[in-house]
Amino acid sequence: MRKRFFTFLACIVCLLATCTASAAAMVTDVNWGVDKFNVLRMVVDLSETARYNVSIANDRELRIKVTGGLDSKVNRKGTIKSDLAKSYSVDRDQNSVTVRVPMTKKIQKSELKSFLLKKDASTGRPPRIVVDVSTNKVNNASMKYGATSVRRPAVRPTQAPST
């Protein structure tokens, strides 16, 4: 009887652990963009809202640490076309995922802005973590840095022929 009870208890614990693990948030994509003011934006798509932390390592590496798992379809390395960063990498440990962005210049915590966007059913966008790095921000909006992204390249408007 005692052996059956412990076997049953072990099965319940395993079942609960499996349910908890499957309910954890997953990083489903990592994107970047540069706006017309030369602000670098890193976006981490999630399966559901998750806890996260943004930090700077050695004055030159942005780290976005997300509690949860990593979808197998996420690129582990990527290229960034910016004068502030050239690449990013995605690492997984036991309980979290870390996006690392080595910077070409020193960055300060005051130059970072991070926020969480909730799932948007009207546009089909998932919950996402957004981190803006304004180290190289320019105030002149007429400068043409252009928005770019690895997944969604900017579409340049065609010019009508002059008359």
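Before reading further, recall that the structure is shown in the block above.
Residues numbered from 1 in each chain as written. Predicted model: local features only at pLDDT ≥ 70, side-chain atom pairs only at ≥ 80, totals over all residues. Heavy atoms only, no water.

Novice: Please explain the overall build of the protein as it appears in this structure.
Specialist: Secondary structure summary: the protein contains one helix and ten strands in total. Looking at the protein as a whole, 34% of its 163 residues qualify as buried. Across the protein, the fraction of contacts at a sequence separation of at least 24, relative to all contacts at a separation of at least 6, is 57%. Total accessible area on the protein is roughly 11,000 Å²; 54% of this is exposed by carbon and sulfur atoms. (Helix = DSSP H or I, 4+ residues; strand = E, 2+ residues; numbered from the N terminus. Buried < 20%, exposed > 50% of the residue type's maximum accessible area, 1.4 Å probe, protein only. Contact = heavy atoms within 4.5 Å. Areas by Shrake-Rupley, 256 points an atom, 1.4 Å probe, with all protein chains shown as cover.)

Novice: How should unusual backbone geometry be read in this particular structure?
Specialist: Glycine aside, the phi torsion of most residues is negative, and most peptide linkages are trans. In this structure, Asn38 takes a positive phi of about 70° despite not being glycine. Examined against the element boundaries, Asn38 turns out to sit in the loop between β1 (26-34) and β2 (40-46).

Novice: Could you clarify how one ought to interpret the pattern of salt bridges in this entry?
Specialist: Enumeration according to the criterion identifies four salt bridges in this entry. When the shortest N-O distance is used, the salt bridge between Arg41 and Asp132 registers 2.6 Å. Residue Arg41 is located in strand β2, and its partner Asp132 is located in strand β10 (residues 128-133); the two are separated by 91 residues in the primary sequence. Overall, Arg41 belongs to the partly exposed group, its relative accessible area being 36%. Close ionic contact of Asp91 with Arg100 constitutes a salt bridge, the shortest N to O distance being 2.6 Å. Under the relative-accessibility criterion, Asp91 is labelled partly exposed at 32%. (Salt bridge = Lys/Arg side-chain N within 4 Å of Asp/Glu carboxyl O.)

Novice: Just checking my understanding: could you explain the sheet that holds β10 for this structure?
Specialist: The strands that make up a sheet are held in pairs by hydrogen bonds between backbone atoms, and each pair lies either parallel or antiparallel. Taken in spatial order, the five strands of this open sheet run β5-β1-β2-β10-β9, and their pairing is mixed. Single-partner strands in this sheet number two, and they are β5 (69-70) and β9 (112-117). Looking at chain direction, β9 and β10 are connected through six bridges and run antiparallel. By the bridge assignment for β10, Lys113 is matched with Asp132. (Pairing = 2+ DSSP bridges.)

Novice: Would you mind going over the pairing of strand β8 (residues 96-102) with me for this structure?
Specialist: The side chains of a regular strand alternate, residue by residue, between the two faces of the sheet. Most of β8 sits inside the fold, with five of its seven residues counted as buried. Sheet topology places strand β4 (residues 61-67) next to β8; seven bridges connect them, and they run antiparallel. Along β8, the bridge assignment pairs Lys65 with Thr98. As paired strands, strand β7 (residues 87-92) and β8 are joined by four bridges and run antiparallel to one another. The partner of Arg92 across the bridge, within β8, is Val97. Here β7 hands over to β8 after three residues, the two strands then running antiparallel side by side.

Novice: Help me understand the side chain of Asp132 in this model?
Specialist: Overall, Asp132 belongs to the buried group, its relative accessible area being 13%. Of the polar contacts made by the side chain of Asp132, one reaches the side chain of Arg41; its length is 2.6 Å. For Asp132, the residues in contact, after removing those within four places along its chain, are Val39, Leu40, Arg41, Glu111, Leu112, Lys113 and Phe115. (Polar contact = N/O pair within 3.5 Å; in protein donor to acceptor, adjacent residues only side chain to side chain.)

Novice: What should I look at first to understand the nonpolar core in this one?
Specialist: Core analysis: the biggest nonpolar cluster contains 30 residues, and Met42, Leu62, Ile64, Tyr88, Val99, Val101 and Met103 have the highest contact counts within it. Not counting chain neighbours up to four residues away, the residues in contact with Tyr88 comprise Val30, Trp32, Met42, Asn75, Arg76, Lys77, Gly78, Thr79, Ile80, Val99, Arg100 and Val101. (Core = buried A, V, L, I, M, F, W, Y, C linked by side-chain atoms within 4.5 Å.)

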